[in-house]
Amino acid sequence: MFLPPLSTKNMESNDLRYIKGIGPVRASSLKRIGLTTPEQLLLFFPKWHVHKAAITPIALAKNGEKTFIKGFISEVEELRRPGRSILKVIVDDNSGATLTWTWFNRPYMREILKAGRQVVIHDAVESTRWGLQINGTAGTYEFISPEEDAALERGEILGFYKSTKILTQEFFREIIRQLINTKLTLIVEMLSPDITMRHDLYRIREALIKFHFPENTAELEKARRRLVFDELFMLQLFLARRKLFLAKKIKTRSYKEESSSALELEKKLPFELTGAQKRSIAEINADLMRKAPMNRLLQGDVGSGKTIVALMAMLKVIDSGYQAAIMAPTEILAEQHYRNYGKYFEQIGGGKKAVLLTGSLTAKEKREALAAVKSGEASLVVGTHALIQDAVEFKELGMIVIDERHKFGVFQRLTLESKGVFPDCLMMTATPFPRALVLTLYGDTELSVIDELPKGRLPIYTKWTQEKRRQDVYEFIRNKVAAGEQAFIVYPLVEESEKLMLKAAETDYVYLKNEVFKGRNVGLIHGRMSGEEKESAMRDFKEKKIDILVATTVIEVGIDVSNATVMVIEHTERFGLAQLHQLRGRVGRGAKKSFCFLLTSWNVTSDAFKRLKIMEKTNDGFEVAEADLEIRGPGELFGASQHGELDLKYMDLSRDREILISARQEAFRIIDADPKLASEENKKIRSFFDERFSKDMELITVS
Ligand code: ADP
Ligand code: MG
């Protein structure tokens, strides 16, 4: 939510300390969570809305389903293992089934988890051999009072705030009610009545009241829609202004018509570029020759060969005397690009130099790399987020490439861009967004699509395999390894259970290495390893010093080892379709037939079942994405990071596509008519905009 700018100085009457019911102690607690004014407190919205229809009786809860459970603690059992503490808390809701709420290594929770207490838990339920269970995690539960319980039973909707010991739910509800009565006029409406009427939106003050205290779900939804509209409207205003601004830009560089290095490289490639690759290269080259900076998204399924397309374009820029930079989301991927591009550079000669910039360089390496970037000695800079740090200065940056675009934020991209003077920008992604959505979220981006896989690729044989056939899978791997091929065994790292899973991967690794694949080289790679360890594991795998790589999802994006032909995915039911498709794309990159085994326990949810079936049925990323849309709606196509980055707290793309379109239309209409938002009517929008984007606008307009 965007805070309205303060129109008056923060008068004493608005100091939280002096507001009835707050006082100095709570005021300082509020300050700690960033709330210092009544406006901020009014706009501090519930993290959850709990009501009868949102609560699932334990007896009806399904595996994997994220829901609200409301019950009481009937039993607490403490299991002590050497070096470990496990609290088994039984939650009962009189629905005929109970739930085990398990707390690992939080012995102090013993004091809090008392039998008889009423609790609301908001998390995904897991169905295990012992019945339903949820892992205890901070922030996913709230104890409730008998009064709250009674209110919920009466069918009321209760907002739950991010509370602390001092700042309780009752405190928030009471103080916000009071502020609504006394200070609501502090909240400024930025939208004209025209707009809210046209789109059937609440005025802001009404939306605020209803989002805190909805009488029914219809009001709650209408209030949410208004908040969503505001978020998207702001974002679209930003894109509209950016578009207008960029359209007027003229870059001062000019590139050579032909790049001799690119021509030479094409001749030396061990394969022929596909038609789709050639077309994309031509489209990019045409952009590069234009006066306005390039802004293009290159979309192509996993394995379609985007990396080489990017290099061809960067060579044109480099041949013309400018630098190019490519940013990848993981160190492993950055290192892989660095190695590959380095090899290509050797082949074409000409003494071109590439440098690597990641967070795990030593101080000395980093100094040298930075110096080479600054002096211009490095013509290609490959890196991770480390590329956008302040210390990185280019001599003359001509082009940036952002690999796996969907893993980055809009503003990370802008920061990299600001290191040059309107550099040409190519973004790459394997996530097949529907075109309309691309245009809506990325403003004025041009699109190239690689819709053709390199010749000779065989479809990856994909098989859903249940636990009991695990030994067959191991046997299969042993045979493939004996034939000189390599395998991945992948473990999911889902946030909440990350530590547990990491442990599973590590324990299994030891077992696989010493027993199952005894005599073979088994390696391990995961996100907690240092950059150096990861790189050496990847290098060993590439160089076939490792036959079987036990990995977490750190290998999800981009990793390219064409001799790897078998992938086993553990706990497949925990992965979403998009991620499974990305993971599977790590095999099937060469001419040999590849195999992907999707292991699950015997019991999976119906959604997981659908996902497994799709994976078995098709290798085509677009088909997978379409099925994904059907199963869970388009919302998550953009991934969580996308939402975080854009500060879209309330939007759910699966429901809010229409709001997105309305917000876009209104924003572009306003910016077209009044680019600077200078008119009397738009002044309020302008102050909201400045509050939200002043720094980001600087990024766009400074360079
Ligand atoms: P992605 O689009 O997923 O980033 P990569 O660029 O990593 O795919 O390419 C996957 C593999 O295919 C690499 O080993 C690359 O060398 C190879 N490759 C790229 N283009 C072709 C082609 N036209 N013919 C055969 N192999 C190709
Ligand atoms: Mg790639």
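You'll find the structure just up there.
Residues numbered from 1 in each chain as written. Chains lettered and ligands numbered in written order. Predicted model: local features only at pLDDT ≥ 70, side-chain atom pairs only at ≥ 80, totals over all residues. Heavy atoms only, no water.

**Brief notes about the environment of Glu681**
Within the secondary structure, Glu681 sits in the loop between helix H22 (653-673) and helix H23 (683-702). For Glu681, a relative accessible area of 60% corresponds to the exposed category. Residues Glu681 and Leu191, spaced 490 residues apart in sequence, show a C-alpha to C-alpha distance of 9.1 Å. (Helix = DSSP H or I, 4+ residues; strand = E, 2+ residues; numbered from the N terminus. Buried < 20%, exposed > 50% of the residue type's maximum accessible area, 1.4 Å probe, protein only.)

**Some words on the site of ligand 1**
The full set close to ligand 1 counts 16 residues, and Glu272, Gly303, Thr307, Arg457 and Asp560 are the nearest of them. The separation between an oxygen atom of ligand 1 and a polar main-chain atom of Gly305 is 3.1 Å. Between an oxygen atom of ligand 1 and a side-chain N or O atom of Thr307, the distance comes to 2.5 Å. Protein contact buries 86% of the 570 Å² of open area that ligand 1 shows by itself. (Near = heavy atom within 4 Å. Polar contact = N/O pair within 3.5 Å; in protein donor to acceptor, adjacent residues only side chain to side chain. Areas by Shrake-Rupley, 256 points an atom, 1.4 Å probe, with all protein chains shown as cover.)

**Examining the packing of helix H10 (residues 306-319) against helix H11 (residues 331-348)**
Contact pair H10 / H11: the axes reach a minimum separation of 12 Å and the direction vectors enclose 55°. By the angle class used here, H10 and H11 are oblique. In this structure, H10 crosses over H11, and the sense of that crossing is right-handed. Listed contacts from H11 to Thr307, Ile308, Ala310, Leu311, Met314, Leu315 and Ile318 of H10 are His337, Tyr341, Tyr344, Phe345 and Ile348. Residues of the contact of H10 with H11, tallied by class, amount to 10 nonpolar, two polar and no charged. (Axes fitted to C-alpha atoms, helices over the stretch in contact; angles between N-to-C directions. Parallel < 35°, antiparallel > 145°, perpendicular 65-115°, else oblique. Left-handed = near helix turned anticlockwise from the far one by under 90°. Contact = heavy atoms within 4.5 Å. Nonpolar A, V, L, I, M, F, W, Y, C, P; charged D, E, K, R; others polar.)

**Comments concerning the sheet that holds strand S17 (residues 461-466)**
Read across the open sheet, the six strands follow the order S17-S22-S21-S18-S20-S19; overall the sheet is parallel. In this open sheet, the two strands that pair with only one neighbour each are S17 and strand S19 (522-525). Mean inter-strand twist for the sheet, computed between neighbouring axes without regard to direction, equals 20°. Across the sheet, helix H18 (residues 577-584) lies against S17, strand S18 (486-491), strand S21 (564-569) and strand S22 (595-600), angled at about 150° from S21, the strand it touches most. (Pairing = 2+ DSSP bridges.)

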